[in-house]
Amino acid sequence: MDVNGTVAEGFEPVRDAFAANFADRAERGAAVAVYRDGHKVVDLWAGTRDVDGAGDAAPWERGTAQIVRSATKGVAAAVLLLLHQRGELDLDAPVGAYWPEYKAAGKEHTRVWQLLAHRAGVPVLDRPLTPAEAADPERGAAAVAAQAPVWEPGTDHGYHAQTYSWLTGELVRRVTGRSIGAWIAAEIAGPVGADLWVGLPPQQAHRVGRVGRVEPPATQTGGLRIRPKRSLAQAYGDPDSLTRRAFAAITPQPDENDPAYRSAVLPASNGIATADGLARFYASLIGEVDGGVRLFAPETTARARAEAAAGPDRVLVAPTRFGLGYMLHGSASPLLGPGSFGHPGRGGALGFADPDSGIAFGYVTNGFRTSVTADPRAQALVRAVRTSLG
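Residues numbered from 1 in each chain as written. Predicted model: local features only at pLDDT ≥ 70, side-chain atom pairs only at ≥ 80, totals over all residues. Heavy atoms only, no water.

## A closer look at the sheet that holds strand β4 (residues 66-67)
Point 1. One open sheet holds the three strands; their spatial order is β4-β7-β5, and the pairing between them is antiparallel. Strands with a single pairing partner mark the edges of an open sheet, and in this sheet they are β4 and β5 (196-197).
Point 2. Across two bridges, β5 lies against strand β7 (residues 272-273) in antiparallel orientation. Directly across from L196, in β7, lies its bridge partner A273. (Pairing = 2+ DSSP bridges. Helix = DSSP H or I, 4+ residues; strand = E, 2+ residues; numbered from the N terminus.)

## Some thoughts on the pattern of salt bridges
Point 1. Across all of its chains, the model carries 22 salt bridges by this definition.
Point 2. A salt bridge links D126 to R245, with the shortest nitrogen-to-oxygen separation between them at 3.4 Å. A residue pair is termed long-range when its members are at least 10 positions apart, and D126 in the loop between α3 (112-116) and α4 (131-134) and R245 in helix α9 (residues 242-247) qualify at 119 residues.
Point 3. Here D126 falls in the exposed class, since its relative accessible area comes to 59%.
Point 4. On the basis of relative accessibility, which here comes to 27%, the residue R245 falls in the partly exposed class.
Point 5. For the salt bridge of R127 with E133, the shortest nitrogen-to-oxygen distance reads 3.2 Å. (Salt bridge = Lys/Arg side-chain N within 4 Å of Asp/Glu carboxyl O. Buried < 20%, exposed > 50% of the residue type's maximum accessible area, 1.4 Å probe, protein only.)

## Some points on the confidence of the model for the protein chain
Point 1. In this model, the protein chain carries a mean pLDDT of 94, and residues with pLDDT of at least 70 account for 96%.
Point 2. Counting interchain partners and residues more than four positions distant, the pLDDT-below-50 stretch residues 220-227 has 12 contacts. (pLDDT = per-residue confidence, 0-100. Contact = heavy atoms within 4.5 Å.)

## A short note on unusual backbone geometry
Point 1. Across the junction of T251 and P252, the peptide omega takes the value 0°, indicating a cis bond.
Point 2. Note on placement: P252 falls in the loop between α9 and α10 (259-263).
Point 3. A positive phi angle is found at D37, which is not glycine, with a value near 50°.
Point 4. Locating D37 in the fold gives a position in the loop between β2 (29-36) and β3 (39-47).
Point 5. For D37, a relative accessible area of 54% translates into the label exposed.
Point 6. Phi at H118 takes a positive value of approximately 60°, unusual for a residue other than glycine.
Point 7. Mapping H118 onto the fold places it in the loop between α3 and α4.
Point 8. Using a relative accessible area of 0% as the deciding quantity, one classes H118 as buried.

If you want it as structure tokens, here you go:
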């Protein structure tokens, strides 16, 4: 596999790990980008743009973008944090202060920060939405506003896999009068120069490859077999479990290659980005990018990565740690180090920042695996970055 792009001196292990993903981990098409102290030190891509590419299929190019699933959540969280930073949103206020309809069914005391920390108690919908209904922001907002929580808000945490879209999206609309996708385009992607979208514009569609499921190899290097933990496999197999119901809040599962789905604004799941776009975004949360813009003030960065939820996750059936909208370094989602914060996309993508080392990381792929928070390909690249830092 020909690997394209560049690495700065000292980051050669990342190139080696990226090439090994194609040789040993069934990678089809992917890219990885790394910034250090606001400057790009890794920019690599290889494979085909489409997961089912073969023969004369279009190659992955600089600027190829892919859907990044839940890695979108980290971008959505930045909107609420920036509104707080600007004095337009109080993270400690009740959600109902901005969105009165949300007070229904025992949710009147839910705080804004609890939505971001997956403590709101509404990871499921009693009646799932169809893909068409989910794409209607008013329909989705009405559904979560009416939903009774499955635990008392603030008392526990569990991953809001799909409902996070309408919780964050409607709150932003109530505060700003704009869709969260439009706000991201104008206030984040544009100023930072990051190729990322929540609600793909038609003029960018030609850059986006087809995604799909890929099977992992039978063994990994060293002979370690890939097997999901039994408790997680059981939870996914039980149609009544919070796990299954949370991921099935949109039923049937949307076609992620459908232009209608890609153009919808679903900040929990359908963001589209380049690896550089993800890494550049995270670089802007911890410092200036290329000597220019910085999105988060230091105190906002500190609040984003301060632990707000930890312990057994009622949806993911594993110990998880969350800041405000970001997964924190831990066993369920290993990042670069104890101070790292970011978000994976189920089965592949990963973006994060590590203020202690000045590293910002972005990885996107067109081949999704069964992993939820710790894809082996992304983890191999993270280990290589750690090696490069010495």
